[in-house]
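# Geometric and topological summary
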Amino acid sequence: MASATPNAPAGLTLPDVLPATVLADAEHYDVVVVGFGIAGGCAALEAARAGARVLLLERAAVHGGTSSMSGGHFYLGGGTAVQRATGHDDSVEAMVGYLMASTKDPDEVKIRAYCEGSVAHFDWLESLGFEFERSYFPGKAVIQPGTQGLMFTGNEKLWPFRDQVAPAPRGHKVPVPGDTEGTRIVMDLLRTAVEEAGVEVRYETGASNLVVDGSPTSGRVVGVGWRSFDQHGVVSAGGVVIAAGGFVMNPDMVARYTPALGSKLFTLGSTYDDGLGIRLGESVGAALENMEEPFITAPFYPPSSRCKGIIVNKDGERFVAEDSYHARTSYHVLQQPDAIAYLIVDSEHLGEDHMPLVPLKDGFETLEEMESGLGMPAGTLVKTIETYNENAAHGEDPDFHKHPDWIAPQTAGPWAVLDLSLGVALYAGFTIGGMATTVDGEVRRTDGSVVPGLYAAGACASNIAQDGAGYCSGTQLGEGSFFGRRAGRHAATR
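These notes cover the structure that comes with them. For clarity, every value in this text was computed on a predicted model and none was experimentally measured. (Residues numbered from 1 in each chain as written. Predicted model: local features only at pLDDT ≥ 70, side-chain atom pairs only at ≥ 80, totals over all residues. Heavy atoms only, no water.)

## So, the sheet that holds strand S11 (residues 265–267)
One open sheet accounts for three strands, arranged S11-S18-S13; its pairing is mixed. Unpaired on one side and paired on the other, S11 and strand S13 (294–297) mark the two borders of the sheet. Strand-to-strand twist across the sheet, computed as the mean angle between neighbouring axes with direction ignored, equals 30°. As judged from the three bridges shared by S11 and strand S18 (residues 427–431), these two strands associate in the parallel manner. (Pairing = 2+ DSSP bridges. Helix = DSSP H or I, 4+ residues; strand = E, 2+ residues; numbered from the N terminus. Axes fitted to C-alpha atoms, helices over the stretch in contact; angles between N-to-C directions.)

Here it is in structure tokens:
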């Protein structure tokens, strides 16, 4: 059942709110969790360990959700065992300082809780039955190519952040080679732990409605309507945790909130990232945050030597430090005229073509030929490259403050031009925004009050990750598992 909004596209329709009277004779659970990805699994496990009787609903036939598709990065710091073993100093205050500086609209309460609890959360994750390898990957890559346990996955070494806070690597990767499905081993271990804790898991069963005692916009959430094929029913609950993913697979929500994801892009998500969890929250008055901010990226490295090249727009002007985390670079590409951008790199730094996401546009023997071939205003590109090379010869970049590690003159012709433009490079993305929540996952209304009995975590909640410019790989798995645990514990104690 769904509320009828005149002329509203189907993907924006809110589910009906059911009255508490439907719960007569309904089975009762202390906590009901919706979605068995990393956030939902952690919420269910912690609720059960806190003594609650827990029901976990999952629309798919198996556990894992979109989490299982990811490579396995957890953004953790403050002095984890991997950081210490690889000789990288980090502190809670340094981690707090960086996240406060790099987040669009930072919530210090959440950031501080996350950073102060990061080492303990690292230990909790390993207690599931795996270990992050005590090793470090020093290069620039989307994710460690092997099983190295640590690398930089954000903009910690980027100006101005490196001048404000001592940089430390915080991208902890599970010990699985490659860049996809690494998280599956964590989800399999989590499934075992959930089952051992006595959580009842119902697969191929999704939440359809929330049940409220009182007014739909001011009452308490006391249950969940569910559907499994042609069967449906309701269960009573002391607390409901929604962890049902983002909305990248809902074209109506994408068109409304993040239209850039609707064209010329490959969407990263599972079939069930349709925003239903968010719309369930909206049906009872949940406020939404950062819905207009997608994560969009087309990495141009590895090889990491390409970061020593120059990125320009269609007018031949630089606009971003080339050593930025790939999503930050892409964020700025999309702000350029017609979202056109090129990576220019000389023969010495091109390396092998490991990243077909950003195709080779052409090669040029001279800078003048390149400028003409790209249709740029006369003299602009030549001046940009000559200025860059003059400064790079002294290890400097006064215009964008690229880190010295990635500064090198681009003088060894011929030069290659890789096309970073939207619609040419293969950009991929997912949604970031979701329900506004407290540090314990309680869903907030627009007036700041909480919706009693309702919690949210993972991709359908807005926490630390807020936009592509400040994103660090591993934030969603890190915050999803961390705040999912907090939501489960809080729901159980309430």
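## Comments concerning the nonpolar core
Taken as a class, soluble globular proteins show a tendency for nonpolar side chains to be buried jointly. In terms of nonpolar packing, the biggest core is built from 63 residues, with Leu210, Val240, Ile242 and Leu454 touching the most fellow members. Residue contributions to this core peak at four residues, all from strand S10 (residues 231–242). When near neighbours in sequence (up to four residues on either side) are disregarded, isoleucine 242 contacts Val34, Leu210, Gly277, Leu280, Gly281, Met435, Leu454, Tyr455, Ala456, Ala457 and Cys460. The next biggest cluster of nonpolar side chains, apart from the first, holds 54 residues, and it includes Leu76, Phe130, Leu158 and Phe161. (Core = buried A, V, L, I, M, F, W, Y, C linked by side-chain atoms within 4.5 Å. Buried < 20%, exposed > 50% of the residue type's maximum accessible area, 1.4 Å probe, protein only. Contact = heavy atoms within 4.5 Å.)

## A look at helix H1 (residues 38–49)
Compared with an ideal rise of 1.5 Å per residue, which puts 12 residues at 16 Å, H1 spans 16 Å between its outermost C-alpha atoms and is within 8% of the ideal. Most of H1 is tucked away, with 11 of its 12 residues classed as buried. Once H1 finishes, glycine 51 follows within two positions and takes phi at roughly 100°, a positive value. (Expected span 1.5 Å × (residues − 1).)

## Some remarks on unusual backbone geometry
At the junction of proline 302 and proline 303, the peptide bond is cis and its omega measures out at 0° in the coordinates. Proline 414 follows glycine 413 through a cis peptide bond whose omega is 0°. Tracing the chain through its elements places proline 414 in the loop between helix H12 (380–392) and strand S17 (415–419). Phi is positive for phenylalanine 229, which is not a glycine, with a value near 55°.

## As for the pairing of S13
Here S13 shows two buried faces, one formed by Pro294 and Ile296 and the other by Phe295 and Thr297. One ladder, built from four bridges, connects S13 with S18; its direction is antiparallel. Across the sheet, residue isoleucine 296 finds its bridge partner in S18, namely glycine 429.

Read these as geometric descriptors, not functional statements.
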